[in-house]
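Structural overview for review
Here are the chains, one letter per residue:
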Amino acid sequence: TQLLEQSPQFLSIQEGENLTVYCNSSSVFSSLQWYRQEPGEGPVLLVTVVTGGEVKKLKRLTFQFGDARKDSSLHITAAQPGDTGLYLCAGGGDSWGKLQFGAGTQVVVTP
Amino acid sequence: SQTIHQWPATLVQPVGSPLSLECTVEGTSNPNLYWYRQAAGRGLQLLFYSVGIGQISSEVPQNLSASRPQDRQFILSSKKLLLSDSGFYLCAWSIAGGPNRQYFGPGTRLTVT
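Rules used in this analysis
Numbering of residues begins from 1 in every chain and follows the order in which that chain's sequence is written. Chains carry letters from A onward and ligands carry numbers from 1 onward, assigned in written order. With the structure being a predicted model, the display of local features is reserved for residues of pLDDT at least 70 and the display and counting of side-chain atom pairs for 80 or more, all residues being used for whole-chain, interface and lining totals. By convention in this description, side-chain values take in all heavy atoms of the structure and omit both hydrogens and water. It only takes one pair of heavy atoms within 4.5 Å for two residues to be counted as in contact. By definition, the buried area sums, over both parts, the 1.4 Å-probe accessible area that each loses when the two are put together. One side-chain nitrogen of Lys or Arg within 4 Å of one carboxyl oxygen of Asp or Glu is enough to make a salt bridge. Two strands are said to pair when DSSP picks up at least two bridges between them. Only runs of H or I of at least four residues qualify as helices and only runs of E of at least two qualify as strands under DSSP, and these elements are numbered from the N terminus. The classification of residues rests on relative accessible area computed with a 1.4 Å probe and restricted to protein chains. Under 20% of the type maximum is buried, over 50% is exposed, and intermediate values are partly exposed. Aromatic rings from Phe, Tyr and Trp, with only the six-membered ring used for Trp, were paired whenever their centres fell within 6.5 Å, and each pair was classed as stacked if the ring planes differed by under 30 degrees, edge-to-face if by over 60, and tilted otherwise.

1. A closer look at the interface of chain A and chain B
In this complex, chain A contributes 25 residues to the contact, which on the side of chain B involves 21 residues. Each partner contributes to the roughly 1800 Å² buried at the junction of chain A and chain B, and carbon and sulfur atoms together form 52% of this total. Sorting the residues of chain A by area buried against chain B places A:W96, A:K98 and A:F101 first, and these three jointly supply 28% of that buried surface. At the boundary of chain A and chain B, one finds 1 salt bridge.

2. Considerations on the pairing of strand β6 (residues 55–58) of chain A
Residue and element names in this part refer to chain A. With 4 bridges joining them, β6 and strand β7 (residues 61–65) adopt antiparallel strand pairing. Residue pairing in the sheet places K56 in a bridge with F63 of β7. In this structure, the hairpin formed by β6 and β7 is closed by a connection of 2 residues, where K59 is found at a positive phi of approximately 55°.

3. Examining the pattern of salt bridges
Any two side chains of opposite charge can pair if their charged atoms end up close together. If you walk through the whole model with that rule in mind, you get 5 salt bridges over all chains. In this structure, B:E59 engages A:K98 in a salt bridge whose closest nitrogen and oxygen atoms are separated by 3.3 Å. Pair noted here: B:E59 is in the loop between β6 (55–58) and β7 (65–70) and A:K98 is in the loop between β9 (85–92) and β10 (99–101), and the two residues belong to different chains. The shortest N-O distance in the salt bridge between B:R68 and B:D71 comes to 3.3 Å. By relative accessible area, which is 22% here, B:D71 ends up partly exposed.

4. Brief notes about the packing of aromatic side chains
Residue and element names in this part refer to chain A. Enumeration over the complete set of coordinates arrives at 8 aromatic pairs over all chains. Note on Y35 and F101: the rings are 5.7 Å apart at their centroids and 40° apart in plane angle, and the pair reads as tilted. Highlighted residues: Y35 in strand β4 (residues 31–37) and F101 in strand β10, separated in sequence by 66 residues. Each member of the pair, Y35 together with F101, is buried.

Structural data, given as structure tokens:
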């Protein structure tokens, strides 16, 4: 079983600060997904990275896939209260399309 | 565009009662379908997945079962609910043979009393 570890588990910051969430594994994944989930709702896909060393930017969010495709990070610049949520990483590579999810990082951004 | 629906949104059931949760996908054909359970504020545990009508794979032994009677319909069931079945249940779909991107429904909050 491929395990994905996310850190930190919980992050509380002030509006305008930067934050980074990490997702690490000892296994190689063919792709890595990041999701954001708000209470009582389903996770929403933010980005998919597939190439080692790949960097993708989505407005104030920067996603990076490690060179060896075993780890990833999500960096938020100038966080806003709307960035509050549970951030989940998920690794793919199974022929059935299954994903291995991390336990999530709860981010709280206060005004 | 594709959409995924789940119902009911919330459900309160007594221990020992049956369960049926439904998930339907629109706007795509022959999707892979998945059922997950999520503990409060934590990651997702894959329960079942299906790559075609009538084909179900179970990931963990449990009190639940799944069925796929139609191409875009996925049902999660139980004959007798346990207290431990309480949780947030999520259905997801992905393109068969495509990238490992899964798209989630809005979820069902199940409370077993």
